[in-house]
Amino acid sequence: MTTTPAAPERESDDYLPAAVKETRADRIVLICNYTALGLFSLAVLYPLVYVLSAAFSEPRNVQSGEVWLWPVGLSLESFRSIFDYDGIVRGFGNSVVYAIGGALLATALTLLAAYPLSRRDLPGKGLILGLFLFTMMFNGGLIPNYLVVDRTGLLDTRWAMILPTAMAVWNVIITRTYFQTTIPEELAESARVDGCSDIGFFWRVVLPLSKPIIAVNLLFYAVAQWNSWFNALIYLTSEHLFPLQLVLRQILVQSNVDPSQVRDVAELLRMKELQEQLKFSLIVIATIPPLLVYPFVQKHFVKGAMVGSLQG
Amino acid sequence: MQPAVRTGRIRRRTFVAGAAGLTAATTSGLLSGCGPDEAVGASPESLAAPPATPGPKLGGIPYPDGYVGPVARKLGPIVTEPTKFVVVVPQDLTVGDWAKNKFTKWLEQRTGITIEFRQIAGADEDVTIKVNAMIAAGDIPDAFMGVNFSKSQLYLYGAQNLFVDQTPYTDKYAPNLQQMFRDYPLAKKLATSPDGNVYVYPSFNDCYHCRAGKSRTWINTRWLKQVGLAMPKTTDEFREVLRAFKKADPAGRGRTLPFVGYKEDGTNQVTVDKFVMNAFLYNPTSPWLVVDGGKVNAAYSQDGWREGLKYLRTLYAEGLLNRDAFSMTAEQLQRAGNNKDGPLLGVFQGNYWGSAMDVDVEDPTARWHDYEALPPLEGPDGFRVANWDHYTGFDPRLVITRKCRRPDLLVRWADFQLDLEVMMAAYAGPGSWSFAKRGDKAISGKQALFGISGTWAPDKTKDTWAQRNPNYRSGDFRLSERVDPTKPTFEKPLYEQTRDRYFPYRVPIEQQFPPVALEGDQAALDASLSLDLSGEVVQTMARFVTGKGDPADDGQWNDYLGRLDKIGLRPYLDIQQAAYESFQG
Amino acid sequence: MAVETVERPRAATSTSTPKPRKHALGLGARMKKNWQLYAMLALPLIWLGIFAYWPMYGAIIAFKDYNVIDGILGSRWVGLKHFERFVESYQFWRLIKNTLVLHGYELLVTFPLPILLALGLNLARRRWYRRSVQMITYAPHFISTVVVVGLIVVLVDPNTGVLNQFLGLLGIGPIEVLSNPDWFRHLYVWSAAWQTMGFSAIIYLAALTAVSPEQHEAAIVDGASRLRRVWHVDLPAIRPVAVILLILNIGAIMSVGFEKVLLLQNPLNLQTSEVIDTYVYKLGFVSQIPQFSYAAAIGLFRSLVGLVLLVVANTLARRFAKSSLW
C-alpha cells in the first residue's frame, strides 16, 4: 500500500496522476456524463422551481394556472397565514424531535443488529436473520399493533412515534451488506488474536470505518420519520404531540372534501380557500429541513476515505 | 369521574405483565384495558332526576312569522359539582386544539361540565380506523362526538351493547331534541336503528340547497346572451346551445368547453351523467339505487340509462363534451374556471360555483355571477325530473358508550347545545354573531333573526366547533340569516335558484332509496359488490360515451348487462331490498 | 410456513458462504466465544419481539370474522372464507396481473437508474457540479404525491400541456395520456423514476466510498479507459448492495405506492390501473363497517406471494450473481 495520506476530498479528478494523459474516448465519456447529469437535473429542477414559485405567488394566480415557472404577483401571504395555525409551528417542532430522536435510536439499533449478522462465523446467524426477514414479509396488522402500543403504555406519548418504528429490517440488511463488503473478515480475526473484544473492535474499528453507512442510516430514518403521519394518526390523540406531516395532511384532507357528499357550501368555501393558501408554502416549509441536513450526509461520501482510515 | 387517570395506571400495570411474559397478548377483549374497579354502564342515578323542563323563552328576539326552529331560553348550569367526561373528537383545523378552543371554555362555564378531549386527526376514513382500534383495545371514552359512524356501525355496536340506547334519557332530559323530532319526524326516523333503538344524539340540518346539490348544474348566462339563445328546456335545445357555444367560441382560440365533465378527487366517480341522465330516467347518482313501486332497482341497467348514454355519445362525437370528460381533474376544472382572460366553461356540474372557480363575495362583477343554475331538461319522451335528496340533513353527532356512568348528563349537555344562543356561539364563535334588528332582511326575504360578523375567510380565531357538535339547523333558521346588502353572500342566489329551478321538478320521496343500515355480513357483501358494480358502470359509461363502444348496439349493451349479472347485481339488489324494507318498518 | 423461512436461511448459509475454517470447536464453545456479538443483538431482538412478533398473532383475523367487540381471540373462526372470497372475486385476476406488471415494470426502470446516476456522479470531476446535481436530484423525494400528480396532469394536458405542444410541433396529434390504459403505466413508472432516482442513489454513493484510490491507480497504470474502470472497479463495489436491493424489491412486488395510482386513476384507464392496494383502499372507503378480516386475508395472500418471490429471487441471485440475502 502506498503511504499517500487520504485527502479529505479532492477538488478535481481523483486518481489521475498528472502525467497520465486523458484519451479522446475518456473525454467523450466525461462530456456525455456531464450532459446527462445536467439534463436530468434540469428535468428535476422544474417541479422544484414550480413549487417555490407557486408558494411565493398570489394563491389566485396559482389557481388560474398563470404560474408555470416564475412567481406571478409575488406574495408572502401564504407564509404569513401558516403562522396563524399554531398547530403548524408546533408540529414542526415535534417533527424535528421525532426525526432526530428516531434517527439516533433507530441507527443505533440497526448497527447493533447489522454487525453481528455480517459476521460469517456467528453460530445461529441464519436463524436470527430469518427472524428479521420474516417480519419484512408478515405483520400482524393495524389493530394488534395498536393493542401492543396500548399495552406497552406508549399510547399518546412521544415514544409512540419513535419506538414502534425504531428499526427497519430493510436498513439492517443494507447495513449488513455494507459491513460484509467493506470490513474484511481477516481484520476481525486478527483483532481477536490481538486480544481485542468484539465490542471493542466494533466500537474502535468498525464504526469509524462506516461513516458513510451511518450517515445514510441517519438520513433514511430521519427522512422516514419526517415524512410519516400514519403512526401519529393512529397512536396520538393530543394535538400538542402531532407532527408536521399530520397537520399538513389534515389541511389537505379537510379541504379536499368529496363534492358528491352534500355539504354546506359555506364550509366548502372555507376549506377551499385554506387549501389554496397553504398547499405550496407548506411543502416548502416541510422540505427545507431535509435539504439543510443533506450536505452533512453528503460530506461522508468521500472516495477513498476507507483506505485512509485503515492505515491510520 | 376520571376514567382517564385510572386507565393510565392500569396501562402501566398491563405493560409490566406484558413485558414479563407477553401474557397480555392473549387478553384482547373489550374490557381488557379496565380494571375490576371500573364499573361499566350507567349508574342507577342516571334516571333518578325528574324530567327536565325547558326554561322560559327569552324575550325581544326577532323570530320571523311562523318560525320553526331552535329558540333561545333562559339556561342554568347542568351540574353544580365539577363533572368530567372523556370525549373523542375528530381534529379540525378551524376548531384548533379542542382543549383550548374558545367555545369549549364558554360552554364549560355555562354547563359546569368539563370535557377531556381526545383528538383524532385525518380524513373520515382515518377516523373510522382509529376509532375501531380504540374499541378493539378497550380504550373506550365516555362518548364520541362528531365521528361519522355509518348507520350500519351504529346499529352493529349498539346491538352489541357498546353504544347506549339514548331513548330513555332523551325522552326525559332532552326537550330541545324532542322539539326537533316533532318539527322533523324524518330526523327521528333516520336516527333510529332497525331494532327501534336510538344509539345517537343527532344533528339535523335542513339544508335546502343541499337537496339539489348532487346534480345541480351551472350555465354561463353571459355566453347565452352572446349567442342570443334562451335557457334550454329540452335535450335538443341543450344541444343547440352547446353547438352555439362551440361555434361562437367566447373563450377564444378554440378553448371554449361547451359542456365539461370531470372526475372527482380520490374516487372514480365522474360527473357527465349526473345532470343529463335525468332527462331520460331518475338518476340519483352513485350508487344509482332507485325505488320503483317498493322494488329497489339500479338505474344503470335500465333502458333510460341506455338512451342517456346514446345522447351523451352524440355530444362527445360533436366535440360538445370535452375530450377529457372522464379524466379531467377537479384542479384542471378550477384552472378552466379561473382562466385569466375569462372562464372557459359553458356548462358544468357542481354543488355550487366554487366547484369550478373562486367565489369572490366582495366583488359584484365577479365571474361567478354569470353562472346560473340550469333547470332539468326534458328528454325526447317528455321525461324530466330533478334529483332531489329528501333524506339529507341527518348527522350522527354524539354517541354515548357503555363506559359512561351518567349518560343523562351527557344527553343534557347535548340538549343544551340545541339552544339558539348556544348553537350560534358554537357555530360562529361566542361574540361573533348577534340577533338581527327589526327590519333587517334575511335570505328568505323575510325578517332576519341573526347575523354573523366577519366573512368566510379561513377561520383563524379558533372559537367555533365547526358544526362537529349537536346542531338543529331548521330550514327557517338557515334562511333567517341576515343578508348584508353591501356584501351579498352566495347563500341567497343559491337558495332562490334551487327553489325556482329544481324544487318544482323534484323526484317524489317514494322513489328515492333511503340511507339504510346493514348487518355485518351484508355490509361486507355490499361493499365488494358495490365497488365492483360501480367500477363496471363508470368504465362502460366512459367507453360508450367516448365512442370506444356503442350503446345502440344490442350485443354490446347485453354484454354490459351480462357483466353486471356476473358481478352480482341480483344479490346486491336483494341486500338493498331487505334493508329498504327494514327501514320502512 | 414460519418454520420454512426460518430453516431455509440456515441451510442456505452453510452452503453458500465459504466457511471461514473447519469448526474446530463445538457449537457451545463457539457460541460462548461470540457472546459479545449475541449481546449486541439482544436489544434489536427484544425490539423485534415486542413490536414485530407480539402483534403478529393478529394475523389470525384473516381466518376469522373479526369483530372489534369480540376481540381477536373471541371472534368466530371461518377458515378460508375470506381468501376464497378474494380469489373468486370478479376482479381477482385483473388485480393480480395489474399489480405484478406495474411493479415489475417499475422495478425494471427504477432499479438500474439510480445505479447509473451514482456511477455518473462518481465519475464527475468538479465537486460543485457533483454536489449540486446530488442536491437537486434528492429534493423531489419531498414533494407530496398530490402535487406531483398535479404537475403530471398539467404537463400532459391534451390542450395546454407541454408534452402535446411538443408533439404538435412534430406534427403528431394530441395524445390523451391520462385516459389511455397503456400510457398509465409509463406515466406511473417514469414519474417515479424522476422523483426517487436521486434519493435511491444515495445508498450506492455510500457503497462507492469503499473503492480505494489504489484500485483506480492500478487500473490506470494498466491503461484502462474511464469506462473500463467504471465497469471493473466501481461496479463490483456496489454489486452486493445492488443485488440485495433487487431481491428485497422483488419480495415487495405485490405492493405499489397506492396513493399515486389512485390519483392517476380514471374510468378509462381502470383496466390497467386497478391494483390490489387501490382495491383494498376503495373497499374500505365504500364499506359501511370496516372489513378488517378481508383486508387481513388479502394482506396475508400478498405476503405469501412476496415470500415465494423472495425465495426464488434469492436462489437465482446465489446461483448467478454470487451474492445473496442468505
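What you see is a predicted model; the values in this text were computed from it and never measured.

Peer 1: How would you summarise the overall build of chain A if you had to cite specific residues and measurements?
Peer 2: Looking only at helices and strands, one finds 15 helices and zero strands in chain A. Relative to all contacts within chain A whose residues are 6 or more apart in sequence, the contacts with residues 24 or more apart total 71%.

Peer 1: Just give me the short version of the overall build of chain C, but keep the residues and values in it.
Peer 2: If you tally the helices and strands in chain C, you get 17 helices and two strands. Across its three principal directions, the C-alpha atoms of chain C cover 65 × 65 × 30 Å. Relative to its 326 residues, chain C shows a buried fraction of 43%. Contacts spanning at least 24 positions in sequence make up 68% of the contacts within chain C whose residues lie at least 6 apart.

Peer 1: I'd like a rundown of the nonpolar core, residues and numbers included.
Peer 2: The biggest cluster of nonpolar side chains holds 330 residues, and the ones touching the most others in it are B:Ala143, B:Val399, B:Leu410, C:Tyr204, C:Ala207 and C:Val241. It is helix 11 (residues 181-208) of chain C that contributes the most residues to this core, 13 residues altogether. Excluding residues within four positions of it along the chain, C:Tyr204 makes contact with C:Pro114, C:Ile115, C:Ala118, C:Ile238 and C:Val241.

Peer 1: Quick one: what's the story with unusual backbone geometry, residue by residue and with numbers?
Peer 2: In this structure, the amide linkage connecting B:Ser286 to the following residue, B:Pro287, adopts the cis form with an omega of 0 degrees. Relative to the elements of secondary structure, B:Pro287 occurs in the loop between helix 10 (272-276) and strand 7 (289-292). A positive phi angle, close to 60 degrees, is found at A:Asp156, a residue other than glycine. Tracing the chain through its elements places A:Asp156 in the loop between helix 6 (142-151) and helix 7 (159-162). What makes A:Asp156 partly exposed here is the crowd of 18 C-beta atoms within 10 Å. At B:Asp249, a position not held by glycine, the phi torsion is positive, near 45 degrees. Structurally, the position occupied by B:Asp249 is in the loop between helix 9 (235-248) and strand 6 (257-260).

Peer 1: How would you explain the interface of chain B and chain C if you had to name every residue and give the values?
Peer 2: Taken together, the contact pairs 47 residues of chain B with 36 residues of chain C. Contributions of two or more residues to the side of chain B that touches chain C are made by helix 3 (124-136), helix 4 (151-159), helix 12 (330-337), helix 17 (520-545) and helix 18 (554-567) of chain B. The dominant element in the side of chain B that touches chain C, judged by the number of residues it contributes, is helix 17 of chain B, at 14 residues. Partitioning the side of chain B that touches chain C into residue classes produces 19 nonpolar, 19 polar and nine charged.

Peer 1: Summarise the sheet that holds strand 9 (residues 345-349) of chain B; cite the residues concerned and give the values.
Peer 2: Adjacent strands of a sheet form backbone hydrogen bonds with each other and so pair up, either parallel or antiparallel. Residues and elements named next belong to chain B. Pairing is mixed across the open sheet formed by four strands, whose spatial order is 6-9-5-10. Taken across any chain shown, the strands that pair with only one partner, and hence form the sheet edges, are strand 6 and strand 10 (371-373). On average, each strand axis in the sheet is tilted by 15 degrees relative to the strand beside it, whichever way the strands run. Sheet topology note: the strand 5 (residues 217-220)/strand 9 ladder contains three bridges and is antiparallel. Bridge pairing links Thr-217 to Gln-349 in strand 9. Contacting strand 6 and strand 9, helix 9 runs over the sheet at an angle of about 140 degrees to strand 6.

Peer 1: Provide a residue-level description of the interface of chain C and chain A, including the pertinent values.
Peer 2: Between chain C and chain A, the contact holds 86 residues from the first and 94 residues from the second. Its residues placed into classes, the side of chain C that touches chain A shows 59 nonpolar, 19 polar and eight charged.

Peer 1: Account for the pairing of strand 7 of chain B, with residues named and values stated.
Peer 2: All names here are of chain B. Only one face of strand 7 is covered, namely the face carrying Leu-289 and Val-291; the face carrying Val-290 and Asp-292 is uncovered. The sheet contact formed by strand 7 and strand 8 (residues 295-298) spans four bridges and is antiparallel. Along strand 8, the bridge assignment pairs Asp-292 with Lys-295. Connecting strand 7 to the antiparallel partner strand 8 that follows it, the hairpin turn spans two residues, and Gly-293 within it adopts a positive phi of roughly 60 degrees.

Peer 1: Explain helix 16 (residues 276-286) of chain C to me, using residue names and the numbers behind them.
Peer 2: Owing to its 3.6 residues per turn, the α-helix aligns residues three or four sequence positions apart on the same side. Those residues of helix 16 of chain C lying buried are C:Ile276, C:Asp277, C:Thr278, C:Tyr279, C:Lys282 and C:Leu283. On its buried face, helix 16 of chain C sits against helix 17 of chain B together with helix 6 (92-110), helix 14 (258-264) and helix 17 (292-320) of chain C.

Peer 1: Could you give me a rundown of the sheet that holds strand 1 (residues 83-90) of chain B, with the residues and numbers involved?
Peer 2: Residue and element names in this part refer to chain B. The six strands lie next to each other as 2-1-3-11-4-14, forming an open sheet whose pairing is mixed. Strands with a single pairing partner mark the edges of an open sheet, and in this sheet they are strand 2 (113-120) and strand 14 (472-473). In the sheet, strand 4 (residues 201-205) pairs with strand 14 via two bridges, with the strands oriented parallel. Paired with Asn-205 across the strands is Arg-473, a residue of strand 14.

Peer 1: Lay out the packing of helix 4 (residues 86-118) of chain A against helix 3 (residues 35-53) of chain C in plain terms, naming residues and giving numbers.
Peer 2: Two elements in contact, helix 4 of chain A and helix 3 of chain C, have axes separated by 8 Å at closest approach and are oriented at 130 degrees. In terms of orientation, helix 4 of chain A lies oblique with respect to helix 3 of chain C. Judged by the twist between their axes, the crossing of helix 4 of chain A over helix 3 of chain C is left-handed. Judged by residue contacts, A:Leu109, A:Leu112, A:Ala113, A:Tyr115 and A:Pro116 of helix 4 of chain A engage C:Leu37, C:Met40, C:Leu41, C:Leu43, C:Pro44 and C:Trp47 from helix 3 of chain C.

Peer 1: Give me the lowdown on the confidence of the model for chain A, citing residues and values where you can.
Peer 2: All names here are of chain A. Averaged over every residue, the pLDDT of chain A is 81; residues scoring 70 or more account for 82%. In the model, residues 1-15 has pLDDT below 50 throughout and makes 20 contacts with residues more than four positions away in sequence or in other chains. Overall, residues 258-263 carries pLDDT values under 50, and its contacts beyond four positions in sequence, including any with other chains, amount to 19 contacts.

Peer 1: Give a description of the confidence of the model for chain C that names residues and reports values.
Peer 2: Residue and element names in this part refer to chain C. When the pLDDT values of chain C are averaged, the result is 84; 92% of them are 70 or greater. The weakest mean pLDDT in chain C belongs to helix 1 (residues 2-16) at 35; the strongest belongs to helix 3 at 94. The low-confidence segment residues 1-20, where pLDDT is below 50, has 27 contacts with residues more than four positions distant or belonging to other chains. We note a pTM of 0.86 for the whole complex and an ipTM of 0.84 for its interfaces.

Peer 1: How would you summarise helix 5 (residues 125-137) of chain A if you had to cite specific residues and measurements?
Peer 2: Residues and elements named next belong to chain A. Over its 13 residues, helix 5 runs 19 Å from end to end, which matches the ideal 18 Å to within 8%, given 1.5 Å per residue. For helix 5, a buried count of 11 out of 13 residues is recorded, marking the element as mostly surrounded by other parts of the structure. Buried within helix 5 we find Lys-125, Gly-126, Ile-128, Leu-129, Gly-130, Leu-131, Phe-132, Leu-133, Phe-134, Met-136 and Met-137.

Peer 1: Tell me about the environment of C:Phe51, and please be specific about residues and values.
Peer 2: Among the secondary structure elements, C:Phe51 is positioned in helix 3. In contact with C:Phe51, not counting residues within four places along its chain, are A:Val148 and A:Pro164.

Peer 1: An account of the packing of helix 17 of chain B against helix 16 of chain C is needed here, citing residue identities and associated values.
Peer 2: Where helix 17 of chain B meets helix 16 of chain C, the closest approach of the two axes is 9 Å, and the angle between their N-to-C directions is 120 degrees. What the angle tells us is that helix 17 of chain B and helix 16 of chain C run oblique. Here helix 17 of chain B and helix 16 of chain C pass one another in a crossing that is right-handed. Residue-level inspection shows B:Ala527, B:Ser528, B:Ser530 and B:Leu531 of helix 17 of chain B in contact with helix 16 of chain C, the latter providing C:Lys282, C:Leu283 and C:Val286. Broken down by class, the residue content of the contact of helix 17 of chain B with helix 16 of chain C amounts to four nonpolar, two polar and one charged.

Peer 1: Which residues make up the environment of A:Pro71, and what values do they have?
Peer 2: Residue and element names in this part refer to chain A. Within the secondary structure layout, Pro-71 lies in the loop between helix 2 (59-63) and helix 3 (77-82). Spatially, the C-alpha atoms of Pro-71 and Val-51 are 9.6 Å apart, while their sequence positions differ by 20 residues. If we skip the residues at most four places from it in the chain, Pro-71 touches Ser-53, Phe-56 and Ser-57.

Peer 1: How would you explain the environment of B:Gln576 if you had to name every residue and give the values?
Peer 2: Residues and elements named next belong to chain B. For Gln-576, the position within the fold is in helix 19 (residues 569-584). For the pair formed by Gln-576 and Asp-526, sequence separation is 50 residues and the distance between their alpha carbons is 8.4 Å. In this structure Gln-576 touches Leu-289 and Val-296, once residues within four positions along its chain are discounted.

The rules behind each value
- Residues numbered from 1 in each chain as written.
- Chains lettered and ligands numbered in written order.
- Predicted model: local features only at pLDDT ≥ 70, side-chain atom pairs only at ≥ 80, totals over all residues.
- Helix = DSSP H or I, 4+ residues; strand = E, 2+ residues; numbered from the N terminus.
- Contact = placed C-beta atoms within 7 Å.
- Buried ≥ 20, exposed ≤ 12 C-beta atoms within 10 Å, placed from the backbone.
- Core = buried A, V, L, I, M, F, W, Y, C linked by C-beta atoms within 7 Å.
- Nonpolar A, V, L, I, M, F, W, Y, C, P; charged D, E, K, R; others polar.
- Pairing = 2+ DSSP bridges.
- Axes fitted to C-alpha atoms, helices over the stretch in contact; angles between N-to-C directions.
- Parallel < 35°, antiparallel > 145°, perpendicular 65-115°, else oblique.
- Left-handed = near helix turned anticlockwise from the far one by under 90°.
- pLDDT = per-residue confidence, 0-100.
- Expected span 1.5 Å × (residues − 1).

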